[in-house]
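Here's the letter readout for the chains.
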Amino acid sequence: SIVTTNDFQCFYIKRCASDYIGKEIEFTEKDIIRKRPVYEKLIMGAACILFLFVLMSFSNIINISDVKDIFLERKVFAYVDVDINPSIEIEIDDMGNVIRMIALNEDAKVLVKKLNIGNVNVSKAVSIIMDEVKKDKSINLAQKDYILVSSTLNNKKSESDKEYQADKKKLDDIMNSLKMSLNKKENLDVKVYLIYTDISKRKDAQKDGISTGRYVLYEECKNAGK
């Protein structure tokens, strides 16, 4: 496979069965195939030039960030679970923009299919979700005076790691902005509870088939003997 790095270097690497065009992958020095016939080197050079030409052509038409979305699969920076009655998980990038929404219970399946949120900030996405929930007569928000929002950093490093701490600070800023946005929202008199969880708790919650926020609250109540 021919891969292009962020600084536009091209390499041949060993192909995996799961690879596809546009996929963002990680590779090490040992994956690089160094010795190639001259004609294959020329093909690789031509492919890289073509890629750059297409990239520049697209950048003249659309925003460069949109070009990145077309050619690269965005990395999930964090998971944001929103619990009202529908439970929805939102995958976000490091700018707080939505990558994908996943229904975590039956009530959320119809909602997720109905909404076409697209590449918007998570604060805007949750606001749209709340507006749609308010329209649903089967869900009485007046009797549900809270929104539980849990955030999970997609990072397996130690909490003492500097990169982890920097990402955690970035996620905290995104979540605080989300809370402020909901608190300022008109005709929405609810309390917003933010919970931060780690990736291991998210895995445990997935095994139980519930949101990470509900899982953490359940564990706290169980440990408190409630």
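For the structure, check the block above.
What counts, and where the lines are drawn
Residues numbered from 1 in each chain as written. Predicted model: local features only at pLDDT ≥ 70, side-chain atom pairs only at ≥ 80, totals over all residues. Heavy atoms only, no water. Helix = DSSP H or I, 4+ residues; strand = E, 2+ residues; numbered from the N terminus. Contact = heavy atoms within 4.5 Å. Core = buried A, V, L, I, M, F, W, Y, C linked by side-chain atoms within 4.5 Å. Buried < 20%, exposed > 50% of the residue type's maximum accessible area, 1.4 Å probe, protein only. Pairing = 2+ DSSP bridges. Expected span 1.5 Å × (residues − 1). Arc of directions from axis to C-beta. Axes fitted to C-alpha atoms, helices over the stretch in contact; angles between N-to-C directions.

Chemist: What is the right way to read the environment of Met 101 from this model?
Modeler: Structurally, the position occupied by Met 101 is in strand E5 (residues 98–103). Between the C-alpha atom of Met 101 and that of Ile 90, which follows or precedes it by 11 residues, the distance is 4.6 Å. With residues up to four places along the chain from it excluded, the contact list for Met 101 reads Ile 88, Glu 89, Ile 90, Val 112, Leu 115, Ile 117 and Ile 129.

Chemist: What is the right way to look at the nonpolar core in this model?
Modeler: Within soluble globular proteins, side chains that are nonpolar generally end up buried alongside one another. Core analysis: the largest hydrophobic core is formed by 32 residues, its most contacted members being Ile 90, Met 101 and Ile 129. Every element with two or more residues in this core is listed here: strand E3 (78–83), strand E4 (87–92), E5, helix H3 (106–114), helix H4 (122–135), strand E6 (146–153) and helix H5 (162–183). Sequence-distant contacts of Ile 90, defined by excluding residues within four places in its chain, comprise Ala 78, Tyr 79, Val 80, Val 82, Val 98, Arg 100, Met 101, Val 122, Val 126 and Ile 129.

Chemist: Help me understand the pairing of E4 in this model?
Modeler: Looking along a regular strand, one sees the side chains alternate between the two faces of the sheet. E4 sits mainly inside the fold: 6 of its 6 residues count as buried. Residues of E4 alternate between two faces, with Ser 87, Glu 89 and Glu 91 on one and Ile 88, Ile 90 and Ile 92 on the opposite face, all of them buried. Adjacent in sequence and paired antiparallel, E3 and E4 are bridged by 3 residues. When E4 meets E5, the two strands line up antiparallel, connected through 5 bridges. Across the sheet, the residue bridging to Glu 91 is Arg 100, located in E5.

Chemist: What exactly am I supposed to notice about the environment of Arg 100 here?
Modeler: As for its placement among the helices and strands, Arg 100 is situated in strand E5. For the pair Arg 100 and Asn 119, spaced 19 residues apart in the sequence, the C-alpha separation amounts to 8.7 Å. Other than its neighbours up to four places away in sequence, Arg 100 contacts Glu 89, Ile 90 and Glu 91.

Chemist: I would appreciate a short explanation of helix H7 (residues 212–223) in the present structure.
Modeler: Every α-helix carries 3.6 residues per turn, so stepping three or four residues along brings you back to the same face. Along its 12 residues, H7 runs 17 Å from first to last C-alpha, staying within 8% of the 16 Å computed at 1.5 Å per residue. Those residues of H7 not exposed but buried are Thr 212, Gly 213, Tyr 215 and Val 216. Projection of H7 onto a plane perpendicular to its axis shows the buried side chains occupying an angular sector of 165°, all on one side. Buried residues in H7 make contact with E3, E6, strand E7 (191–197) and helix H6 (199–208).

Chemist: Explain the sheet that holds E7 here, please?
Modeler: The pairing of strands in a sheet comes from backbone hydrogen bonds and takes either a parallel or an antiparallel form. Spatial strand order, E5-E4-E3-E6-E7: 5 strands in an open sheet with mixed pairing. Of all strands in the sheet, those bounded by a partner on one side alone are E5 and E7. Across the sheet, the axes of successive neighbouring strands diverge by a mean angle of 20°, strand direction being ignored. Relative to E4, E3 runs antiparallel, the two being bridged by 6 bridges. If you follow Asp 81 over to E4, its bridge partner there is Glu 89. Against the sheet, H3 engages E4 and E5, with an angle of about 140° to E5. Sitting on the sheet, H5 is in contact with E3, E4, E6 and E7, with an inclination near 160° to E6.

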